[in-house]
Amino acid sequence: MRALVISGGGSKGAFAGGVAQYLLQEKLHKYDILIGSSTGSLLIPHLALGNVKKIYSIYTSVDMNNIFDINPFVVKKREEGDVVSINHFNVLLQFLKRKRTFGESNKLRNYIKDNFIVEEFNQLKSSGCNIIVTVTNLSKNEVEYKAIADCDYDEFCDWIWISCNYIPFMSLATKNNCEYGDGGFSSLVPIREAINLGATEVDVVILETEMQSVPKKIGKNPFSLMIDLFQTLLNQVEKHDITIGKLAAKTKDVKLNLYYTPTQLTNNALIFNKEKMKLWWQQGYDYAKNKSELMSDNLQ
């Protein structure tokens, strides 16, 4: 069985879309298992249906207004690049409402349902393809994997949405008497889960560089510093997941094909810039193509 695993990475999911497009349309890979974490959860239902054109349109047209009903960010243009700071009015409003997060992302839930309709869900569920999204159960301090086979339409859309909720900047969700957040907090690159489900070859898209080539610029205000701190912690989760995945693959003789981003795409993956995301999609496609050609040359 072949599996596709897509890591978390916010707006960098556009790069993963480009990689997946090449693997599906040019390499003609057929996947029995697709597992996503965070932004990967948004991608996998459409990829499983072969709706590459549709998910491309979604990722290259989405903006902050499609995601946040309370946006905690202000993006300021600078010569050295975009600088992210706090939206003091919105954050103060959240405090006055006694909310526990800086922002609210209920619009994203509606956006998911608008673009992944009941008919597509039913088609996917009847296909027998194993589609799984990753969420973090904060109440129990553990990862949970939600399979489409075990859900109805509303439940599955909720789990996709929950998988993407990067708290405390997005909504904190309550479901089944537990509180949930972004799947990446507990399993950013769920390789081992794909192997546990019986995959014998796994294509893994990791939305981060394999090695950090230049020192990272640390935020110049408390809000951006918090984002950088979260990213550092998630990078450690990512390295752990990849190490565990490689060990599981070696033990069970599973072939892993790893697709990292060749360069650092952004310092803040919660900022959705349409033009940059179009560029990242094309970069993902080109990277997968070049990697495939290089692998073919090495086999000759």
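These remarks concern the structure in this document. (Residues numbered from 1 in each chain as written. Predicted model: local features only at pLDDT ≥ 70, side-chain atom pairs only at ≥ 80, totals over all residues. Heavy atoms only, no water.)

Time to look at empty space enclosed by the protein. Across all of its chains, the model carries one cavity of 30 Å³ or more by this definition. Volume-wise, the largest cavity comes out at about 520 Å³. As for the largest cavity, its lining consists of 38 residues, of which Gly 9, Gly 10, Ser 38, Thr 39 and Phe 272 are closest to the centre. Listing elements by their share of the lining of the largest cavity, those giving two or more residues are helix H2 (39-48), helix H3 (52-59), helix H6 (106-115) and helix H10 (222-251). Per-element accounting of the lining of the largest cavity gives the leading share, five residues, to H10. (1 Å grid on protein atoms, 1.4 Å probe; cavity = no way out; pocket = protein on both sides within 12 Å on 5 of 7 lines; lining within 4 Å. Points joined across faces, edges and corners; volume = space filled by probe spheres on them. Helix = DSSP H or I, 4+ residues; strand = E, 2+ residues; numbered from the N terminus.)

Our next topic: the nonpolar core. Where a protein is soluble and globular, its nonpolar side chains tend to be buried together. In terms of nonpolar packing, the biggest core is built from 91 residues, with Leu 47, Phe 73, Phe 116, Phe 156 and Val 202 touching the most fellow members. In terms of residues, this core owes the most to one element, helix H1 (residues 13-25), which gives eight residues. (Core = buried A, V, L, I, M, F, W, Y, C linked by side-chain atoms within 4.5 Å. Buried < 20%, exposed > 50% of the residue type's maximum accessible area, 1.4 Å probe, protein only.)

Okay, the packing of aromatic side chains next. Enumeration over the complete set of coordinates arrives at 18 aromatic pairs. The interplanar angle of 70 degrees and the centroid separation of 5.8 Å between the aromatic rings of Phe 121 and Tyr 153 together place this pair among those described as edge-to-face. Of this pair, Phe 121 sits in helix H7 (residues 118-126) while Tyr 153 sits in helix H8 (residues 153-163), and the two are 32 residues apart along the sequence. Residue classification places Phe 121 among the buried residues on the basis of a relative accessible area of 3%. We classify Tyr 153 as buried; its relative accessible area is 14%. The lysine or arginine in question, Arg 109, covers the ring of Trp 161, its NZ or CZ lying 4.0 Å from the ring centre. Lys 175 extends its terminal NZ or CZ atom over the ring of Trp 159, reaching a point 5.6 Å from the ring centre. (Phe/Tyr/Trp six-rings, centres within 6.5 Å; stacked < 30°, edge-to-face > 60°. Lys NZ or Arg CZ within 6 Å of the ring centre and 35° of its normal.)

With that out of the way, let us pick up helix H5 (residues 88-96). Of the positions making up H5, those classed as buried are Asn 90, Val 91 and Gln 94. The arc enclosing the buried residues of H5, seen along the axis, measures out at 95 degrees, which places them on a common side. More than 90 degrees from the buried face of H5, the exposed residues found are His 88, Phe 89, Phe 95 and Leu 96. Of the residues one or two after H5, Arg 98 is the one with positive phi, at around 65 degrees. (Arc of directions from axis to C-beta.)

Every α-helix winds through 3.6 residues per turn, so residues three or four apart in the chain are directed the same way. Buried within H7 are the following residues: Glu 120, Phe 121 and Leu 124. When H7 is viewed along its axis, its buried side chains cluster within an angular range of 100 degrees and face the same direction. Structural note: H7 exposes Glu 119 and Ser 126 on the side pointing more than 90 degrees away from its buried face. After H7 finishes, the residue Gly 128 shows a positive phi value of roughly 85 degrees.

Attention shifts here to the pairing of strand S2 (residues 33-37). For S2, the tally of buried residues reaches five of five residues, placing the bulk of the element in the interior. The two faces of S2 match: Ile 33, Ile 35 and Ser 37 on one face and Leu 34 and Gly 36 on the other face are all buried. With four bridges connecting them, strand S1 (residues 2-6) and S2 associate as parallel partners. Along S2, the bridge assignment pairs Leu 4 with Leu 34. Following the chain from S1 across H1 to the adjacent parallel S2, one finds a crossover that is right-handed. With five bridges joining them, S2 and strand S5 (residues 130-137) adopt parallel strand pairing. Note on S5: the bridge partner recorded for Gly 36 is Val 133. (Pairing = 2+ DSSP bridges. Right-handed = clockwise from strand over helix to strand, strands pointing away.)

Axis separation between H6 and H8 bottoms out at 9 Å; the angle between their running directions is 130 degrees. Considering the angle they form, H6 stands oblique to H8. For the pair H6 and H8, the crossing hand works out as right-handed. Between H6 and H8, the contacting residues are Asn 106, Leu 108, Arg 109, Ile 112 and Lys 113 on the first element and Tyr 153, Asp 154, Cys 157, Asp 158, Ile 160 and Trp 161 on the second. Within the contact of H6 with H8, the residues separate by chemical class into six nonpolar, one polar and four charged. (Axes fitted to C-alpha atoms, helices over the stretch in contact; angles between N-to-C directions. Parallel < 35°, antiparallel > 145°, perpendicular 65-115°, else oblique. Left-handed = near helix turned anticlockwise from the far one by under 90°. Contact = heavy atoms within 4.5 Å. Nonpolar A, V, L, I, M, F, W, Y, C, P; charged D, E, K, R; others polar.)

Here we take up the pairing of S1. Most of S1 is tucked away: five of the five residues are buried. Because side chains alternate across S1, one face comprises the buried residues Arg 2, Leu 4 and Ile 6, and the other comprises Ala 3 and Val 5, equally buried. Relative to strand S9 (residues 201-206), S1 runs parallel, the two being bridged by five bridges. Counterpart to Val 5 in the pairing with S9 is Val 204.

All right, on to the pattern of salt bridges then. For the structure on display, the rule yields twelve salt bridges. Of the charged contacts, one joins Glu 201 and Lys 255 as a salt bridge, the two residues approaching to 3.8 Å between their closest N and O atoms. Taken as a pair, Glu 201 in strand S9 and Lys 255 in strand S10 (residues 255-260) lie far apart in primary sequence, 54 residues in all. Since its relative accessible area comes to 45%, Lys 255 is described here as partly exposed. A single network of salt bridges, built from pairs that share partners, joins Arg 2, Glu 201, Asp 203 and Lys 255. (Salt bridge = Lys/Arg side-chain N within 4 Å of Asp/Glu carboxyl O.)

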